[in-house]
Amino acid sequence: MTRKSLNVDGYSGEFPTSSLPGSIDHMIEAFKALDLYAKSTQEQFAQLTGQERRILSLIAVGHSNPDIAAQLSLSRATVQNHRANLRNKLDIKSDVDYVRIAVAHQLITL
Amino acid sequence: MINKGEEVHNISSHLPFIVHLNSPIDLSLSYVNPRFTSTIGYTLEELVTGGSEIFSEYVREDSLELYPTLLELTHQANGNDFTFLHHVRQSAPRPDFRPLITITKALGRFDGLLFCFSAEPRQFGSWRNRMLNVIELDQFKLKNYQLFRLLTKRETELIKALAHGFSNSDIAERLFISRSTVETHRKSLKAKLGISSYRDLLKFAVAFDLVDS
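Just so it is clear, the structure is predicted and the values come from calculations on it, not from any experiment.

Colleague: For this particular structure, what's the right way to read the pattern of salt bridges?
Modeller: Opposite charge on two side chains lets them pair, provided their charged atoms get close. Tallied over the entire structure, the rule returns 14 salt bridges over all chains. When the shortest N-O distance is used, the salt bridge between Asp 91 of chain A and Lys 93 of chain A registers 3.3 Å.

Pasting the structure below:
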């Protein structure tokens, strides 16, 4: 496998030709899959309140419950409640699902 | 009876995209539409005679390196279209490199000629933000490639499993290791990649093609 040496945007390093910057098909496929996921969760997502969406965004970006409580001037218990509601409404099975659904519905970028 | 060349030109002149046709054998340009010339600043004749010198003037270094692999990508695509990102300098009004997304398809009706349609992110309508995210991920990939290279096979398996939402016990089962080993691997992965959230992890997984769609 040939390797190319590049110096781009202040970054220099070596790349195998099979993995050069610019080949983006796999990323597009991933986002297409997220679009489908957005469609299939459209109804549940539409039922979220504004506050729930805000909290979902903050969870998805990686903020802890205490952080979220501070940012939105809520108690930790309230945030925990909202989080539980989100889990139920959106059928969330693991922590990465918060990110997946937030990206799918374009609340945050990856 | 319109000949094929005229047909291409008639259609391509009206599309709000940069259009060019390339040989499926050596990628040499055989046609560029007027928008190509007004955006990039060169005519077909200038490009054909000027050769690689002109390309290195208006194409960013990493994108230049990508072009030779496009022939391989064409064959892999096997008649389907594929999309790539490159950074080109537009003649006016700004001289800096701008991202261009090019969709390429070999057309049997035109002897396998590669039809290439290029658009800027803003031309993708409701997918504009997705495209900007893709461009960002491509940059991210560039910056983190050296890190990615240093990952062990185990570690990439772990990233995949985490990106799919498997719990530590699930992962332990799948990889035939103990839960505490999973936790140790996770800690070291976190440190190696500087990852501090699931979003970082998913970003990494998507950029480096570690998620099954």
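There's more to say after this.
Colleague: Quick question: what am I supposed to make of the nonpolar core here?
Modeller: As a rule of thumb, nonpolar side chains are buried together in soluble globular proteins. Core analysis: the largest hydrophobic core is formed by 61 residues, its most contacted members being Phe 31, Leu 56 and Leu 86 of chain A together with Ile 159, Phe 204 and Phe 208 of chain B. If near-sequence neighbours (up to four positions away) are discounted, Phe 208 of chain B is found in contact with Phe 140, Lys 141, Asn 144, Tyr 145 and Phe 148 of chain B. Listed in part, the 23 residues of the second largest apolar core include Leu 20 of chain A together with Val 32, Tyr 42 and Leu 70 of chain B.

Colleague: Hey, could you run me through the interface of chain B and chain A in this one?
Modeller: At the junction of the two partners, chain B supplies 40 residues and chain A supplies 44 residues. Buried surface at the junction of chain B and chain A, summed over both partners, amounts to about 4100 Å²; 60% is from carbon and sulfur atoms. Broken down residue by residue, the surface that chain B buries against chain A is led by Arg 130, Leu 142 and Arg 199 of chain B, which jointly contribute 19%. Here chain B is connected to chain A by one salt bridge. Between Arg 130 of chain B and Asp 35 of chain A there is a salt bridge; the shortest N-O distance is 3.0 Å. At the level of secondary structure, the elements contributing two or more residues to the side of chain B that touches chain A comprise α5 (61-66), β3 (82-89), α7 (128-149), α8 (153-163) and α11 (198-207) of chain B. Looking at the side of chain B that touches chain A, the element that brings in the most residues is α7 of chain B, giving 15 residues. A class-by-class count of the residues in the side of chain B that touches chain A yields 16 nonpolar, 11 polar and 13 charged.

Colleague: What's the story with the pairing of β3 of chain B in this structure? I'm lost.
Modeller: Working note: regular strand, side chains alternate between the two faces of the sheet. Residue and element names in this part refer to chain B. In terms of residue burial, β3 counts as a mostly covered element, since seven of its eight residues are buried. Sheet topology places β3 next to strand β4 (residues 97-107); eight bridges connect them, and they run antiparallel. What sits directly across from His 86, in β4, is Leu 100.

Colleague: Explain unusual backbone geometry to me, please; I cannot follow it from the model alone.
Modeller: With glycine set apart, most residues show a phi of negative sign, and most peptide bonds adopt trans. Residues and elements named next belong to chain B. Of note in this structure, Leu 27 is not a glycine but carries a positive phi near 65°. Structurally, Leu 27 is set in the loop between β1 (18-22) and β2 (29-32). With a phi angle near 60°, Phe 176 is a residue other than glycine that sits in the positive phi range. Relative to the elements of secondary structure, Phe 176 occurs in the loop between α9 (168-175) and α10 (179-193). The exposure class assigned to Phe 176 is exposed, which follows from its relative accessible area of 77%.

Colleague: Can you walk me through the sheet that holds β2 of chain B in this structure?
Modeller: What holds strands together in a sheet is hydrogen bonding between their backbones, with the strands either parallel or antiparallel. Residue and element names in this part refer to chain B. Spatially, the five strands line up as an open sheet ordered β2-β1-β5-β4-β3, and their pairing is antiparallel. Looking at which strands have only one partner, the edges of the open sheet turn out to be β2 and β3. Recorded for the sheet is a direction-independent mean angle of 30° between the axes of neighbouring strands. The sheet contact formed by β4 and strand β5 (residues 113-119) spans seven bridges and is antiparallel. Considered in β5, the bridge of Thr 104 is made with Cys 116. Helix α6 (residues 70-77) rests against β3, β4 and β5 of the sheet, and its axis sits at about 160° to β3.

Colleague: Even after reading the chapter, I still don't get the packing of α9 of chain B against α10 of chain B, so can you show me in this structure?
Modeller: Helix-helix packing: each pair is described by the crossing angle between the helix axes and the interaxial distance. Residues and elements named next belong to chain B. Two elements in contact, α9 and α10, have axes separated by 8 Å at closest approach and are oriented at 105°. Between α9 and α10, the angle is such that the two are roughly perpendicular. Here Asn 168, Ser 169, Ile 171 and Ala 172 of α9 lie close against α10, whose contacting residues are Arg 179, Val 182, Glu 183 and Arg 186. Classifying every residue of the contact of α9 with α10 gives three nonpolar, two polar and three charged.

Colleague: I keep staring at the pairing of β5 of chain B and nothing clicks. Help me out?
Modeller: Residue and element names in this part refer to chain B. Counting buried residues along β5, six of its seven residues qualify, which places the element largely inside the surrounding structure. Sheet analysis places β1 next to β5, joined by five bridges and oriented antiparallel. Its bridge partner lying in β5, His 20 is registered against Cys 116. Joining the antiparallel neighbours β4 and β5 is a turn of five residues, in which Asp 111 adopts a positive phi near 60°.

Colleague: Explanation requested: the side chain of Arg 98 of chain B in the structure shown.
Modeller: Residues and elements named next belong to chain B. The residue Arg 98 is located in strand β4 in this model. On the accessibility criterion, Arg 98 (19% relative accessible area) is buried. Within the local environment of Arg 98, its side chain forms a polar contact with the side chain of Glu 120, the two groups lying 3.2 Å apart. When neighbours within four sequence positions are excluded, Arg 98 is seen to be in contact with His 86, His 87, Val 88, Gln 90 and Glu 120.

Calculation rules
Every chain's residues receive numbers from 1 upward, in the order its sequence appears when written. Chain A is the first chain written and ligand 1 is the first ligand written, with later ones labelled in order. A pLDDT threshold of at least 70 governs which residues receive local features in this predicted model, and a stricter bar of 80 or more applies before side-chain atom pairs are shown or counted, although totals over entire chains, interfaces and linings include all residues. With hydrogens and water excluded, all non-hydrogen atoms of the structure serve as input to the side-chain values. Every case where a carboxyl oxygen of Asp or Glu lies within 4 Å of a side-chain nitrogen of Lys or Arg is listed as a salt bridge. What makes a nonpolar core is a set of buried Ala, Val, Leu, Ile, Met, Phe, Trp, Tyr and Cys residues whose side-chain atoms join them at distances within 4.5 Å. The buried label goes to any residue with under 20% of its type's maximum accessible area, the exposed label to any with over 50%, and the partly exposed label to all in between, with areas taken from a 1.4 Å probe on protein chains only. Here a residue-residue contact requires only that any non-hydrogen atoms of the pair lie within 4.5 Å. By definition, the buried area sums, over both parts, the 1.4 Å-probe accessible area that each loses when the two are put together. Strands here are runs of E lasting at least two residues and helices are runs of H or I lasting at least four, both read from the DSSP assignment and numbered beginning at the N terminus. Classes in brief: Ala, Val, Leu, Ile, Met, Phe, Trp, Tyr, Cys and Pro nonpolar; Asp, Glu, Lys and Arg charged; the others, Gly included, polar. A pair of strands counts as paired when DSSP detects no fewer than two bridges linking them. Axis lines are fitted through C-alpha atoms, for helices just across the contact stretch, and the angle between N-to-C directions can take any value from 0 to 180 degrees. Angle categories are assigned with fixed cut-offs, so that under 35 degrees is roughly parallel, over 145 is roughly antiparallel, 65 to 115 is roughly perpendicular, and the rest are oblique. Polar contacts here mean pairs of N or O atoms no more than 3.5 Å apart (in protein, one a potential hydrogen donor and the other a potential acceptor; neighbouring residues in sequence count only if both atoms are side-chain atoms).

Take it as geometry only, folks, not as evidence of what the structure does.
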